Amino acid sequence: MTVEHAEFVLSPDPAEPIDLYLVVWNGTGSSVTISGVTSPAVARIAVSRGPHSEDKPRAGLSGGLAVPARSELLMKETGLHLLAAPQEPALSPGAMVPVTVSFFDGSERTIVANVLAAGSPPEDHHHGS
């Protein structure tokens, strides 16, 4: 299980949620489930299932996010991704911040996420590229 990539994309309005994109590769022979995602740089993180207009990061990852055996979870702007509630001090473009992904089996993986300016497209990252 590898968290290969993480990016925050700032909102044009600093009070609005920040998009968070992950790439998680499950090279094991069984499905794993993400139980939570945290970062000291934001207040809380929740799932969004498409472009957010009224979505707010409240619900967390209730029920978790399954990553099937030998597959990749690639979060996209128009599909499944995460929303993070901003906090002080505000994130700045170019910052690098830790993100910890927790799994239902009790394991955790921490990766350093890049912070991108508002309007920046997330990197089109795929396993092995």
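Residues numbered from 1 in each chain as written. Predicted model: local features only at pLDDT ≥ 70, side-chain atom pairs only at ≥ 80, totals over all residues. Heavy atoms only, no water.

1. Examining the overall build of the protein
Regarding its fold elements, the protein presents zero helices and nine strands. Element order for the protein, N to C, with α for helix and β for strand: β-β-β-β-β-β-β-β-β. Relative to its 129 residues, the protein shows a buried fraction of 43%. In the form shown here, the protein has an accessible surface area of approximately 6,500 Å², with 53% of it arising from carbon and sulfur atoms. (Helix = DSSP H or I, 4+ residues; strand = E, 2+ residues; numbered from the N terminus. Buried < 20%, exposed > 50% of the residue type's maximum accessible area, 1.4 Å probe, protein only. Areas by Shrake-Rupley, 256 points an atom, 1.4 Å probe, with all protein chains shown as cover.)

2. Looking at unusual backbone geometry
A cis geometry characterises the amide bond from E88 onward to P89, with omega recorded as -5°. In this fold, P89 is placed in the loop between β7 (81-84) and β8 (96-103). At R70, a position not held by glycine, the phi torsion is positive, near 50°. Its place among the elements puts R70 in the loop between β5 (65-67) and β6 (71-74).

3. Some remarks on the side chain of E7
Looking at the secondary structure, you find E7 in strand β1 (residues 2-9). Summary of buried charges: E7 has no salt-bridge partner, and the nearest side chain of opposite charge, K76, is 9.5 Å away. Within the structure, E7 has its side chain in polar contact with the backbone nitrogen of E123 (distance 2.8 Å). Not counting chain neighbours up to four residues away, the residues in contact with E7 comprise D19, L20, Y21, A113, N114, L116, P122 and E123. (Lys, Arg positive; Asp, Glu negative; His and termini not counted. Salt bridge = Lys/Arg side-chain N within 4 Å of Asp/Glu carboxyl O. Polar contact = N/O pair within 3.5 Å; in protein donor to acceptor, adjacent residues only side chain to side chain. Contact = heavy atoms within 4.5 Å.)

4. Here we look at the environment of S30
Locating S30 in the fold gives a position in the loop between β2 (18-26) and β3 (32-38). Between the C-alpha atom of S30 and that of V67, which follows or precedes it by 37 residues, the distance is 8.9 Å.

5. Focus on the pairing of β8
The two faces of a sheet get side chains in turn, since along a regular strand they alternate between them. For β8, the buried fraction is high: six of the eight residues fall into the buried class. When β3 meets β8, the two strands line up antiparallel, connected through four bridges. Opposite V37, over in β8, you have V101 as the bridge partner. Relative to strand β9 (residues 108-116), β8 is paired through seven bridges, and the arrangement is antiparallel. Bridge assignment links V99 to a residue of β9, and that residue is I111. (Pairing = 2+ DSSP bridges.)

6. Brief notes about the side chain of S39
Note that S39 resides in the loop between β3 and β4 (45-48). Leaving out residues up to four positions away in the same chain, S39 has contacts with F8, I45, V97, P98 and V99.

7. Description of the confidence of the model for the protein
On average, residues of the protein score 88 in pLDDT, and 88% of them reach the 70 mark or higher. Of all the helices and strands in the protein, β4 carries the lowest mean pLDDT, 86, while β9 carries the highest, 97. (pLDDT = per-residue confidence, 0-100.)

8. Observations regarding the nonpolar core
By size, the foremost hydrophobic cluster in this structure holds 33 residues, and its most contacted members are F8, L22, I34, V37 and L91. Taken together, the elements giving at least two residues each to this core come down to β1, β2, β3, β5, β7, β8 and β9. With five residues, β2 is the largest single contributor of residues to this core. (Core = buried A, V, L, I, M, F, W, Y, C linked by side-chain atoms within 4.5 Å.)

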